[in-house]
There are 2 protein chains.
Amino acid sequence: MTQQKSDELVKLVNAYLEQLSYVREPKGLYAPIEYVLGLGGKRLRPVLMLLTYNLFHEKVAQILPQAIGLETYHNFTLLHDDVMDRADMRRGKPTVHVKWNDNAAILSGDAMVSLAFQLMLKDCPSECLPSVMEAFTRATLEVCEGQQWDLEFEHRFDVTVDEYIEMIRLKTSALLAAPFEIGAHLAGASKEDVKNLYEFGQKLGLAFQLQDDYLDVYGDPAVFGKKIGGDICCSKKTYMLITALERAQGETKKELERWIAAEQFDKEEKIAAVTAIYNKEGIAEACQEQINRYYDEGLQYLEKVSVDASLKENLKQYVGKLMNRKL
Amino acid sequence: MTQQKSDELVKLVNAYLEQLSYVREPKGLYAPIEYVLGLGGKRLRPVLMLLTYNLFHEKVAQILPQAIGLETYHNFTLLHDDVMDRADMRRGKPTVHVKWNDNAAILSGDAMVSLAFQLMLKDCPSECLPSVMEAFTRATLEVCEGQQWDLEFEHRFDVTVDEYIEMIRLKTSALLAAPFEIGAHLAGASKEDVKNLYEFGQKLGLAFQLQDDYLDVYGDPAVFGKKIGGDICCSKKTYMLITALERAQGETKKELERWIAAEQFDKEEKIAAVTAIYNKEGIAEACQEQINRYYDEGLQYLEKVSVDASLKENLKQYVGKLMNRKL
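All figures in this text were calculated on a predicted structure; none of them were measured in a lab. (Residues numbered from 1 in each chain as written. Chains lettered and ligands numbered in written order. Predicted model: local features only at pLDDT ≥ 70, side-chain atom pairs only at ≥ 80, totals over all residues. Heavy atoms only, no water.)

**Some remarks on the overall build of chain A**
Right, so step 1: For chain A, the helix and strand inventory stands at 16 helices and 2 strands.
Right, so step 2: Its C-alpha atoms give chain A a radius of gyration of 20 Å, within 12% of the compact-globule value 20 Å for 327 residues.
Right, so step 3: In terms of its C-alpha atoms, chain A occupies a principal-axis envelope of roughly 60 × 50 × 35 Å.
Right, so step 4: Contacts in chain A between residues far apart in sequence, at least 24 positions, make up 75% of those at least 6 positions apart.
Right, so step 5: Roughly 13,600 Å² of accessible area belongs to chain A as shown, and the carbon and sulfur atoms make up 50% of that amount.
Right, so step 6: Charged side chains in chain A number 39 positive and 50 negative. The centres of these two groups are separated by 3 Å. (Helix = DSSP H or I, 4+ residues; strand = E, 2+ residues; numbered from the N terminus. Rg over C-alpha atoms; globule rule 2.2 N^0.38 Å. Contact = heavy atoms within 4.5 Å. Areas by Shrake-Rupley, 256 points an atom, 1.4 Å probe, with all protein chains shown as cover. Lys, Arg positive; Asp, Glu negative; His and termini not counted. Charge placed at Lys NZ, Arg CZ, Asp CG, Glu CD.)

Structure (structure tokens):
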């Protein structure tokens, strides 16, 4: 069976997105949608869906509507999250509520959800439509639940690691498990294979998010794409901070709590001080350990999928590259 | 065939909504949803869907999930519209963004969309799933397009009657044609019957919205439920105002334009003055004529539906009552 490399798949995805062309009326509704979908990005979720489908079938182009449907929903979540977080920039460009206004961001986002569902339905074989739609709607609800926990954690100082993991399972992993689950359903995979691919995606999602948290502190600014220390600045309760709060004792704990409570501070100073505490408490290593654990657990689920090992290499390579992308 | 009266159907709908009980985690996400769905209302859309289904089948309870799915989406649109319009009150209670905050209104709204789709999928017979989902997603996208036009019309002074009708076709009629279309699909109706029922719903939607515009000026405040003159106060480009602008001449036109341009004014004075112009220009009669025209056109489509005339009486009665509800 011929398998397509991930860079070819990215091209397929972008070509499909371009021909969709949201240049239609009312312009005020569709221009922000075109803008958001045109900001680029790795197209991670559609590529993962195509790679999953490609474990079983050659003609990946058949499921492009569903792949782009998922990408559309993912971009909708970024759009609404940016409004809620009052984020000014996204992928180096002004966010929709900055370039247009809050109403445009809310309403164009709502329309993106409809477009995502329309794409999910498009040319979907009737025998897998119920399972595809069930998986997709479940994932979309979980994302909302995850975002709610994330917002609530901002005002809490007693978030546990378990609570944090459950939050990112909902907010990040749900939409990263979805391409595996939906891709497998579309490929007509067995229940067992669907479940294993879903679990693979879910574990990967956790590993990805923890890696994102790690890179926010220890990443190479030239490669990471965002400013280093953003999470530290706003005292975001990431795995790193929660673990540091658990481990630190005495004066170190007090110092960390002071930085978290501080309302006025020099950003660089706070980043340096909190990073020093992380270094002292071995937080980088602890985080790496978790990342590897989730990644390895994920790969074990992939092993169980009932297709020849050689067919899994393409997907494995892509995922491996992502995991090492900025370390 | 036994048909159920609309008040029994409202009870069925409310009972189903109550047992859904959105008391689940995270509370911050589900509490606003429970609040919004518990504010009541006529449950117009689910009742219309059940009545439509009841033209063909007895066991209307089978399609309660889809009926409530549509009601959930409708309430989501009210929730997000209230954020965009900065409306403080809805059905006599504070809106979600007032009682909670903007983020709660945005995110709980987003979750309602997922819940609406989940309900739409629930126990939906696989043979009508594609058509039900196609009709539903199309309606949801049209609502967003309608809301965008509505927002844009606020800043325009050259809106034509045709543009206004197209706006309310999208913003109001889409979700009023949907219960007819979806109810017919679920009942396994013929293509012809689906189309005629959809057209009936669409015309009804136009008649309802024009009646709402009419009642905003000429309604009985004790029955209407909203304050009289709200549309006049904010110079909303309704059918009434657009037609008055087209008809008025000379000093009357200038006076109307002055009221529209006025930034500071006494509300009661503006309402009285604009209503006087409407009276002079025969706007009430013009609006009633349009309402009757759309209503009659709608009924003609209902006539064509291939079920015995006696079976249509129940639906006709309900719709007739709605049309005369506050005149």
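**Thoughts on the interface of chain A and chain B**
Right, so step 1: Facing 37 residues of chain A, the contacting portion of chain B comprises 37 residues.
Right, so step 2: Of the roughly 3,200 Å² buried at the junction of chain A and chain B (both faces included), carbon and sulfur atoms supply 72%.
Right, so step 3: Considering only the surface of chain A that becomes buried against chain B, A:Met84, A:Leu107 and A:Leu141 emerge as the three largest contributors, covering 17% of it.
Right, so step 4: The tally of links between chain A and chain B comes to 0 salt bridges.
Right, so step 5: There are 8 residue pairs in polar contact (both at pLDDT 80 or more) connecting chain A and chain B.
Right, so step 6: Residue assignment for the side of chain A that touches chain B shows that the elements contributing at least two residues are helix 2 (27-37), helix 4 (64-85), helix 6 (102-121) and helix 7 (129-153) of chain A.
Right, so step 7: Broken down by element, the side of chain A that touches chain B gets its largest block of residues, 15 residues, from helix 7 of chain A. (Buried area = accessible area lost by both parts, 1.4 Å probe. Salt bridge = Lys/Arg side-chain N within 4 Å of Asp/Glu carboxyl O. Polar contact = N/O pair within 3.5 Å; in protein donor to acceptor, adjacent residues only side chain to side chain.)

**Quick notes on the relation of the copies chain A and chain B**
Two chain copies here: they are related by a rotation about an axis and a translation along the same axis.
Right, so step 1: The transformation that overlays chain A on chain B combines an axial shift of 0.0 Å with a rotation of 180°, and the residual RMSD is 0.0 Å. What the rotation and shift describe, once combined, is the action of a two-fold rotation axis.
Right, so step 2: Of all interface residues in chain A, 100% are interface residues in chain B too; the two copies therefore contact each other through one and the same surface. (Least-squares fit on C-alpha atoms with pLDDT ≥ 70 in both.)

**Regarding the environment of A:Thr77**
All names here are of chain A.
Right, so step 1: Along the chain, threonine 77 turns up in helix 4.
Right, so step 2: Separated by 36 residues in sequence, threonine 77 and valine 113 have C-alpha atoms that sit 9.1 Å apart.
Right, so step 3: Here threonine 77 is in contact with Val143 and Leu175, once residues within four sequence places are set aside.

**Some remarks on helix 16 (residues 309-323) of chain B**
Residues and elements named next belong to chain B.
Right, so step 1: Its 15 residues place the ends of helix 16 20 Å apart at the C-alpha level, agreeing with the 21 Å of an ideal helix rising 1.5 Å per residue.
Right, so step 2: When the local axis directions of helix 16 are compared, the greatest deviation, roughly 30°, occurs at leucine 315.
Right, so step 3: On its buried side, helix 16 packs onto helix 1 (6-20), helix 3 (44-53), helix 8 (161-186), helix 9 (191-218) and helix 15 (283-304). (Expected span 1.5 Å × (residues − 1). Bend = angle between axes of the 7 residues up to and from the residue.)

**A look at the packing of aromatic side chains**
All names here are of chain A.
Right, so step 1: Applying the stated criterion across every chain yields a total of 15 aromatic pairs over all chains.
Right, so step 2: Here tyrosine 73 and phenylalanine 136 contribute two aromatic rings whose centre-to-centre distance is 5.7 Å and whose plane-to-plane angle is 85°, an arrangement assigned as edge-to-face. With a gap of 63 residues between them, tyrosine 73 in helix 4 and phenylalanine 136 in helix 7 connect regions that are remote in the sequence.
Right, so step 3: For tyrosine 73, a relative accessible area of 1% gives the class buried.
Right, so step 4: Among the residues examined, phenylalanine 136 registers a relative accessible area of 0% and is labelled buried.
Right, so step 5: For the pair tyrosine 214 and tyrosine 218, a centre-to-centre distance of 5.2 Å together with 35° between the ring planes defines the contact as tilted. With a gap of 4 residues between them, tyrosine 214 and tyrosine 218 both fall in helix 9 (residues 191-218), about one helical turn apart. (Phe/Tyr/Trp six-rings, centres within 6.5 Å; stacked < 30°, edge-to-face > 60°. Buried < 20%, exposed > 50% of the residue type's maximum accessible area, 1.4 Å probe, protein only.)

**Let's talk about the pattern of salt bridges**
All names here are of chain A.
Right, so step 1: By the definition in use, this model includes 36 salt bridges over all chains.
Right, so step 2: Notably, a salt bridge pairs lysine 236 with aspartate 150, separated by 2.9 Å at the nearest N-O pair. With lysine 236 in the loop between helix 11 (230-233) and helix 12 (239-247) and aspartate 150 in helix 7, this pair connects stretches of sequence that are 86 residues apart.
Right, so step 3: Under the relative-accessibility criterion, aspartate 150 is labelled buried at 10%.

**A look at the packing of helix 1 (residues 6-20) of chain A against helix 3 (residues 44-53) of chain A**
Helix-helix packing: each pair is described by the crossing angle between the helix axes and the interaxial distance.
Residue and element names in this part refer to chain A.
Right, so step 1: Look at helix 1 against helix 3: their axes get within 9 Å of each other, and the N-to-C directions meet at 120°. Taken together, helix 1 and helix 3 sit at an angle that is classed as oblique. Relative to helix 3, the crossing made by helix 1 is right-handed. Here helix 1 contributes Ser6, Leu9, Val10 and Val13 to the contact with helix 3, which in turn contributes Pro46, Val47, Leu50 and Leu51.
Right, so step 2: Residue composition of the contact of helix 1 with helix 3, grouped by class: 7 nonpolar, 1 polar and no charged. (Axes fitted to C-alpha atoms, helices over the stretch in contact; angles between N-to-C directions. Parallel < 35°, antiparallel > 145°, perpendicular 65-115°, else oblique. Left-handed = near helix turned anticlockwise from the far one by under 90°. Nonpolar A, V, L, I, M, F, W, Y, C, P; charged D, E, K, R; others polar.)

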